[in-house]
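Reading the structure
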4 protein chains.
Amino acid sequence: MRSATDPGGPVAEKGTRQSRSNTRRRIQEVALELFAEQGYEKTSLREIAEALQVTKPAIYYHYQSKEEILESIFQGVGRPVAEAIEWARGQPRTLETKRELLRRYEAALNDTVPLFRFLRQNEATLRDLQVGKEFNDQMTEIGELITDPGTPLTEQLRCMGALLTLHFGTFALPHFEGDAEEKRTALLSIATEMMERAQTPRE
Amino acid sequence: MRSATDPGGPVAEKGTRQSRSNTRRRIQEVALELFAEQGYEKTSLREIAEALQVTKPAIYYHYQSKEEILESIFQGVGRPVAEAIEWARGQPRTLETKRELLRRYEAALNDTVPLFRFLRQNEATLRDLQVGKEFNDQMTEIGELITDPGTPLTEQLRCMGALLTLHFGTFALPHFEGDAEEKRTALLSIATEMMERAQTPRE
Amino acid sequence: MRSATDPGGPVAEKGTRQSRSNTRRRIQEVALELFAEQGYEKTSLREIAEALQVTKPAIYYHYQSKEEILESIFQGVGRPVAEAIEWARGQPRTLETKRELLRRYEAALNDTVPLFRFLRQNEATLRDLQVGKEFNDQMTEIGELITDPGTPLTEQLRCMGALLTLHFGTFALPHFEGDAEEKRTALLSIATEMMERAQTPRE
Amino acid sequence: MRSATDPGGPVAEKGTRQSRSNTRRRIQEVALELFAEQGYEKTSLREIAEALQVTKPAIYYHYQSKEEILESIFQGVGRPVAEAIEWARGQPRTLETKRELLRRYEAALNDTVPLFRFLRQNEATLRDLQVGKEFNDQMTEIGELITDPGTPLTEQLRCMGALLTLHFGTFALPHFEGDAEEKRTALLSIATEMMERAQTPRE
DNA sequence: GATGAATGAGCTTTCATTCAT
DNA sequence: AATGAATGAAAGCTCATTCAT
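Computed from a prediction, not measured in an experiment: that's the story for all the values here.

Let us now look at the interface of chain B and chain A. Across the boundary between the two partners, chain B contributes 38 residues, which contact 38 residues of chain A. A combined buried area of about 3200 Å² lies between chain B and chain A, and 59% of that area is made up of carbon and sulfur atoms. Between chain B and chain A we count eight salt bridges in total. The closest approach of N and O atoms between Arg 158 of chain A and Glu 193 of chain B, which form a salt bridge, is 3.2 Å. Our count for the contact surface shared by chain B and chain A stands at 19 residue pairs in polar contact (both at pLDDT 80 or more). Elements with a contribution of two residues or more to the side of chain B that touches chain A: helix H2 (23–38), helix H8 (113–121), helix H9 (123–126), helix H11 (153–172) and helix H12 (180–199) of chain B. Take the side of chain B that touches chain A: its biggest share by element is twelve residues, from H11 of chain B. Taken together, the residues that form the side of chain B that touches chain A break down as 14 nonpolar, ten polar and 14 charged.

Pasting the structure below:
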């Protein structure tokens with residue numbers, strides 16, 4: 001049995017002898033799908049098991065609890081955001097770094113819309129789960145990385161607004177007409193522009 | 001017993017025959033508090049009843065279901081937003097109307113932060129409840145009211161960004177240092193400014 | 001709903017308007033019977049519910065947990081032993097007091113053989129339940145009450161032997177032939193005699 | 001694979017062809033430890049397997065069921081008591097034989113306190129397992145071996161008391177202060193003395 | 001000599017809800 | 001206006017056990 005901190009069982013085995021079972025990965029996939037569709041609370045292990053055509057204990061063979069499934073999804077699928085943050089931490093705090101951070105965040109977000117939509121829509125539920133805390137920490141950190149220390153309140157809020165626009169806007173994009181790529185680009189440039197305004201306070 | 005479409009006990013009864021009991025109102029208050037604190041799913045009727053020092057069936061005397069409690073809260077406490085929307089519908093679509101709509105929305109939001117934070121944090125849960133739909137419709141309508149028809153994509157998104165910034169920013173304000181009123185004003189002006197930019201597309 | 005420390009719900013109501021339901025008492029009775037027959041762990045709430053012709057949640061209406069059922073049984077049915085101890089505590093530590101304590105303990109034991117047999121046969125299970133601790137404390141206290149402080153080891157052990165003989169012997173009595181009353185009397189006098197020997201250490 | 005009636009791996013194999021594996025023995029050791037610590041029901045095969053750093057099926061390779069592990073422990077570790085009984089069966093029923101039987105029983109008990117404490121504390125659980133019956137039979141037989149046929153009731157009970165004192169006293173000894181050997185000797189002599197009293201009924 | 005994967009049965013507990021009083 | 005008592009459904013989880021490899 002693998003632990004939750006093992007960043008994803010089968011994934012790690014790639015390259016060695018073909019992993020004999022892909023159940024772990026299938027659980028992650030199906031669970032994310034159902035969590036995103038119905039919410040975390042309202043998705044029962046029975047449903048997950050049925051969707052996978054296995055029994056509940058089969059799930060418990062791979063994960064120690066329902067929460068652990070969620071954690072493994074977050075740690076697997078949510079990695080790109082964590083990487084973007086790590087990258088930004090190691091860079092000088094220039095405007096270009098910030099722009100690039102937004103760009104990378106937007107990319108990561110788009111690669112895993114379902115996960116992030118899910119995290120957003122289940123805040124109350126995830127609040128006391130580890131995952132919820134980690135997700136919040138990530139958001140907070142990105143906010144700090146694009147805001148210079150000592151910036152006046154208005155400009156701090158503007159940076160926050162840029163991030164909120166980018167983050168929540170991403171989920172709202174499907175409601176707008178137009179080419180998907182074009183919409184993404186437009187949203188990113190709005191957010192970036194907003195963030196830039198905060199860097200050069202008007203006199 | 002009142003039905004779910006009765007626009008909401010306390011509010012409606014004011015001024016009519018002295019309300020026969022304040023239990024209905026107390027249920028709303030306590031329920032909102034608990035919903036906001038723990039989430040809708042994770043708050044059981046048992047908890048609500050205990051907090052009120054009554055029994056569960058006492059709650060069922062006043063409401064037909066758990067969902068109806070939520071609906072009555074939304075219809076009672078959430079009225080100001082509905083009113084702001086109604087007002088804007090009856091106005092000419094000038095820039096000033098839009099500014100005023102944002103102002104009113106911001107005010108309504110601030111008067112009932114707990115309700116709106118709750119609505120936000122329980123999206124997945126409320127999705128298939130009536131309340132969730134109504135809440136979403138409200139947001140969509142405000143978005144439309146501040147966006148002129150035929151506006152290019154970028155400016156549509158900018159309007160959305162303004163609304164997102166105002167809405168979600170309100171919940172994030174406590175994380176920032178400074179005087180509460182000052183923070184509100186700053187946030188509103190950022191959102192307004194953003195919305196204004198969308199009205200006069202640069203060439 | 002009554003708490004576990006309420007010494008027995010319905011019981012207390014006797015004398016007032018006939019208690020409308022005797023379910024609580026019936027649960028205690030049936031549970032003790034099944035616990036004694038099959039052990040605590042091996043008796044499921046389903047079985048108790050079925051024996052009572054009610055559903056599982058009906059049990060949870062009266063008790064907050066399986067353990068609480070046990071506690072209420074112990075506090076209700078096991079009271080006589082607690083009372084014997086309390087009585088002895090308030091008496092001078094004479095030989096007669098000790099004799100009387102054994103007498104009372106024997107009587108209490110005999111009034112509730114099933115409970116005590118059960119407690120004895122489920123020690124490992126009850127060890128980490130409150131009830132198990134209380135039961136052990138009772139035994140220890142009786143042991144101390146019949147042993148004078150400063151008594152030499154041998155005589156301490158003799159007192160313990162007296163108590164063990166009385167306690168465990170009671171459960172073994174059915175294996176012997178003879179009149180029930182006679183057997184009880186004989187056992188008590190053996191234990192008493194043993195305890196007396198310990199009071200006047202031989203030179 | 002060995003059957004449950006094979007008198008018990010390690011013991012039997014000594015001196016024969018070097019035991020192919022010590023896993024069987026390790027399972028017995030660890031299982032007894034855990035059984036004694038937590039009780040039979042509350043100890044799962046998962047725990048045993050984890051403590052041994054093997055997988056559950058590895059245990060099933062050596063034993064056909066959880067119960068069989070217990071049986072093998074009883075038959076292995078509990079053998080001395082069985083031997084004491086067998087010895088006494090072959091002796092004339094003199095007082096000296098009885099004294100020696102108690103002596104041997106006490107010694108056997110002390111060599112395996114954990115097993116016997118466990119058997120005692122899990123009576124309810126073991127009742128319908130083979131082991132429980134065998135254990136009870138042993139106790140009964142010792143009782144019979146130290147009681148002459150035709151003895152009056154009081155003296156029968158006295159013999160039983162002697163055995164109970166010796167048996168249960170052994171588990172209680174740690175609660176008393178003093179040198180371990182000394183305590184054992186004292187307890188044995190009390191039990192022996194009690195048994196002797198039964199042989200020469202007072203007129 | 002052992003493992004990885006899985007299963008059927010069952011557990012305690014909680015929930016929203018109902019109904020006679 | 002509210003209570004006592006109860007229910008059907010389901011939840012998350014654990015267990016002893018099996019079997020192909």
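Once the structure has been displayed, the description carries forward.
This next bit is on the interface of chain C and chain D. Taken residue by residue, the interface counts 38 residues in chain C and 38 residues in chain D. Summing both sides of the interface, chain C and chain D together bury roughly 3200 Å²; the carbon and sulfur share of this comes to 59%. Summed over the shared surface of chain C and chain D, the number is eight salt bridges. Glu 123 of chain C is the partner of Arg 120 of chain D in a salt bridge, and the nearest nitrogen-oxygen pair spans 3.1 Å. Our enumeration of links across chain C and chain D arrives at 21 residue pairs in polar contact (both at pLDDT 80 or more). Elements with a minimum of two residues in the side of chain C that touches chain D: helix H2 (23–38), helix H8 (113–121), helix H9 (123–126), helix H11 (153–172) and helix H12 (180–199) of chain C. Per-element tally for the side of chain C that touches chain D: the top contributor is H11 of chain C, with twelve residues. Looking at the side of chain C that touches chain D, its residues break down into 14 nonpolar, ten polar and 14 charged.

The environment of DNA strand F is formed by 37 residues, the closest being Tyr 60 and Lys 66 of chain A, Thr 55 of chain B, Thr 55 of chain C together with Lys 66 of chain D. For DNA strand F, the backbone portion of the atoms within 4 Å of the protein, that is sugar and phosphate, comes to 60%. Between DNA strand F and Lys 66 of chain A, the relevant distance is 2.7 Å, taken from a phosphate oxygen to a side-chain nitrogen or oxygen of the residue. Measuring from a phosphate oxygen of DNA strand F, one finds a side-chain N or O atom of Thr 55 of chain B at 2.4 Å.

Residue and element names in this part refer to chain B. Residues other than glycine seldom take positive phi values, yet Gln 53 does so here, at roughly 60°. Looking at the secondary structure, you find Gln 53 in the loop between helix H3 (45–52) and helix H4 (56–62). The class of Gln 53 is exposed, set by a relative accessible area of 74%.

Superposition of chain C onto chain D requires a rotation of 180° combined with a translation of 0.1 Å along the rotation axis, giving an RMSD of 0.1 Å. Taken together, the rotation angle and the small translation identify this as a two-fold axis.

On to the protein's contact with DNA strand E. Every one of the 38 residues lining DNA strand E counts as a neighbour, but Thr 55 of chain A, Tyr 60 and Lys 66 of chain B, Tyr 60 of chain C together with Thr 55 of chain D are closest to it. The contact atoms of DNA strand E, taken as those within 4 Å of the protein, divide so that sugar and phosphate hold 59%. Side-chain polar atom of Lys 56 of chain C to a base oxygen of DNA strand E: 3.5 Å apart, as the coordinates give it. The set of elements that each furnish at least two residues to the surface near DNA strand E consists of helix H4 (56–62) of chain A, H3 and H4 of chain B, helix H3 (45–52) and helix H4 (56–62) of chain C together with helix H4 (56–62) of chain D. In the surface near DNA strand E, the residues fall into 14 nonpolar, 14 polar and ten charged.

As a further point, take H3 of chain B. Since there are 3.6 residues in each turn of an α-helix, residues three or four apart along the chain are aligned in direction. All names here are of chain B. Looking at H3, one finds that the buried residues are Leu 45, Ile 48, Ala 49 and Leu 52. What you see down the axis of H3 is that its buried residues fit within an arc of 95°, all on one side. Packing partners of the buried residues in H3 comprise H2, H4 and helix H5 (66–77). Gln 53 sits one or two residues past H3 and shows a positive phi near 60°.

Using the criterion set out here, one finds 14 aromatic pairs over all chains in the structure. Measuring from centroid to centroid gives 6.2 Å for Phe 116 of chain A and Phe 135 of chain A, while their planes differ by 50°, and the two rings are tilted. Of this pair, Phe 116 of chain A sits in helix H8 (residues 113–121) while Phe 135 of chain A is found in helix H10 (residues 130–145), placing the two residues 19 residues apart along the sequence. Phe 116 of chain A gets classed as buried once you look at its relative accessible area, which sits at 1%. By relative accessible area, which is 5% here, Phe 135 of chain A ends up buried. Through a chain of ring-to-ring contacts, three or more aromatic side chains come together here, namely Phe 35, Tyr 40 and Phe 118 of chain A. The ring of Trp 87 of chain B carries Arg 104 of chain B above its face, with NZ or CZ at 4.0 Å from the centroid. A cation over a ring is seen here: Lys 66 of chain D above Tyr 40 of chain D, with NZ or CZ 4.4 Å from the ring centre.

Cut-offs used in this document
- Starting afresh in each chain, residues are numbered from 1 along the sequence in its written order.
- Each chain is given a letter, starting from A, and each ligand a number, starting from 1, according to the order in which they appear as written.
- Totals for whole chains, interfaces and linings use every residue, but because this is a predicted model, local features are given only for residues with pLDDT of at least 70 and side-chain atom pairs only at 80 or more, for both listing and counting.
- Only heavy atoms go into the side-chain values, all of them from the structure, while hydrogens and water stay out.
- The contact definition used throughout considers only heavy atoms, calling two residues in contact when any of these lie within 4.5 Å.
- Accessible area that two parts lose when put together, with a 1.4 Å probe and added across both, is what the buried area reports.
- Think of a salt bridge as a Lys or Arg side-chain nitrogen and an Asp or Glu carboxyl oxygen that are within 4 Å of each other.
- Whenever two N or O atoms come within 3.5 Å, that pair is a polar contact, provided that in protein one can donate a hydrogen and the other can accept it, and provided that, for residues adjacent in sequence, both atoms are side-chain atoms.
- Secondary structure elements are taken from DSSP: a helix is a run of H or I of four residues or more, a strand is a run of E of two residues or more, and numbering for both begins at the N terminus.
- In this classification, Asp, Glu, Lys and Arg are treated as charged, Ala, Val, Leu, Ile, Met, Phe, Trp, Tyr, Cys and Pro as nonpolar, and every other residue, Gly included, as polar.
- Put simply, a residue is near a molecule or strand once any heavy atom of it comes within 4 Å of that molecule or strand.
- Summary of the burial criterion: residues with accessible area below 20% of their type's maximum are buried, those above 50% are exposed, and those between are partly exposed, where the area comes from a 1.4 Å probe applied to protein chains only.
- To superpose the copies, least squares is applied to the C-alpha atoms of every residue with a pLDDT of at least 70 in both.
- When we speak of the arc, we mean the arc of directions from the helix axis to the C-beta atoms.
- Under the pairing criterion, centres of Phe, Tyr and Trp rings, with the six-membered ring standing for Trp, must be within 6.5 Å; the plane angle then separates stacked pairs below 30 degrees from edge-to-face pairs above 60, leaving the rest tilted.
- The criterion is that NZ of a Lys, or CZ of an Arg, lies within 6 Å of the ring centre and within 35 degrees of the ring normal, and then a charge sits over that ring.

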